[in-house]
Structures are given as structure tokens and as C-alpha cells.
Amino acid sequence: MAEYFTITRELTAPRELVFDAITKPEHFAVWFGTAAVEVPRDSLTMEVRPGGAFRAVMLLPDGNRIDWAGEYVEVDPPAHLAMTLTDRPDEYAGLPVLFDLEEVDGGTRLTISQDRADFSDEQVAATIAGYNAFIDDIENELSRMQKA
């Protein structure tokens with residue numbers, strides 16, 4: 001049985017805008033990996049539909065790269081997105097990561113849920129810290145989007 005860990009944050013933006021930030025390449029490339037990491041737009045494949053492919057390359061500050069792959073499993077704009085996500089594209093991607101967006105006063109509650117699979121407690125803590133850094137950058141991108 002899957003055991004999920006979750007990250008929940010409230011964002012001061014309408015959920016349609018939050019969904020766009022998560023699913024549109026021009027916004028995704030800004031926050032995925034945080035500002036410290038480059039995600040070249042031409043490395044992104046985002047077929048945001050059930051069965052659609054996801055691919056991305058992260059270029060790390062130390063010169064290394066991470067190749068990401070996945071598949072969109074469920075797409076229900078602007079409320080829900082489920083996608084597999086792995087940095088080992090030739091291996092089983094595991095259960096999907098779930099993005100749930102709920103309207104709340106003043107914005108959107110974003111909940112990200114991921115199966116802990118065989119993660120150690122330290123790996124779960126590091127993954128949660130990573131998601132929180134992503135969400136910090138999503139907030140910055142949402143602010144920019146709202147000013148545009």
C-alpha cells in the first residue's frame with residue numbers, strides 16, 4: 001500500500017493561474033529546480049493530457065545534468081494534476097505525484113503528494129525541502145505573471 005507524504009502551501013493567486021504555472025513550459029522552466037538550476041525551454045516536453053509525455057533537463061551549477069521523464073496520468077484543470085516523475089528515465093517511474101489545487105479565501109491551497117516508495121526519512125525530508133523551494137519559486141513566478 002502506498003504511503004504518501006504531502007506538502008501544502010497557500011498561494012495568493014487564483015487557481016487557474018497556479019495551474020498554468022505548473023503546466024505551461026514558459027512558467028515551469030522558471031521554477032522547476034529553483035532559480036539556481038537552468039531548465040532549457042527546448043529541453044521541455046509537456047503534453048499536458050492523460051498519457052502525454054513529460055521530459056525536462058536540469059543543468060546544475062556544478063556542470064552536471066539531470067534528465068527527467070514522466071507521463072501525465074490525470075489532468076483536471078484547474079483542480080488536479082497527476083504525473084509520474086523520475087530522474088531515471090529508463091526505469092519504472094513509480095506512482096504519480098499529485099498536485100491538488102483548492103480555492104481558498106485570497107488564493108489557492110496547493111497540495112503536492114508523493115509516494116515515499118523506498119525513500120529513507122532523510123530522503124523524504126530532502127524531497128519536502130526541494131518541493132518547498134520549488135513552491136517559493138512558483139510564488140515568485142505567480143507574482144510576475146500577475147503583473148504581466
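Residues numbered from 1 in each chain as written. Predicted model: local features only at pLDDT ≥ 70, side-chain atom pairs only at ≥ 80, totals over all residues. Heavy atoms only, no water.

Quick look at the side chain of T86
- Here T86 lies in the loop between strand 5 (80-83) and strand 6 (97-104).
- Among the polar contacts made by the side chain of T86, one reaches the main-chain amide nitrogen of R88 at a distance of 3.0 Å.
- Among residues more than four places away in sequence, those in contact with T86 are D67, W68, A69, E91 and A93. (Helix = DSSP H or I, 4+ residues; strand = E, 2+ residues; numbered from the N terminus. Polar contact = N/O pair within 3.5 Å; in protein donor to acceptor, adjacent residues only side chain to side chain. Contact = heavy atoms within 4.5 Å.)

A short note on the pattern of salt bridges
- In the structure shown here, the tally under the stated rule is 9 salt bridges.
- A salt bridge links E47 to R49; the shortest N-O distance between them is 3.1 Å.
- Of the charged contacts, one joins R116 and D121 as a salt bridge, the two residues approaching to 2.7 Å between their closest N and O atoms.
- Given a relative accessible area of 18%, R116 falls into the buried group. (Salt bridge = Lys/Arg side-chain N within 4 Å of Asp/Glu carboxyl O. Buried < 20%, exposed > 50% of the residue type's maximum accessible area, 1.4 Å probe, protein only.)

Some points on the packing of helix 1 (residues 15-23) against helix 3 (residues 121-147)
- At a closest axis distance of 10 Å, the pairing of helix 1 and helix 3 adopts a crossing angle of 115°. Between helix 1 and helix 3 lies a crossing whose hand is right-handed. The residues of helix 3 that touch helix 1, namely those facing L17, V18, D20 and A21, are I138, L142, M145 and Q146.
- Looking at side-chain class alone, the contact of helix 1 with helix 3 contains 6 nonpolar, 1 polar and 1 charged residues. (Axes fitted to C-alpha atoms, helices over the stretch in contact; angles between N-to-C directions. Left-handed = near helix turned anticlockwise from the far one by under 90°. Nonpolar A, V, L, I, M, F, W, Y, C, P; charged D, E, K, R; others polar.)

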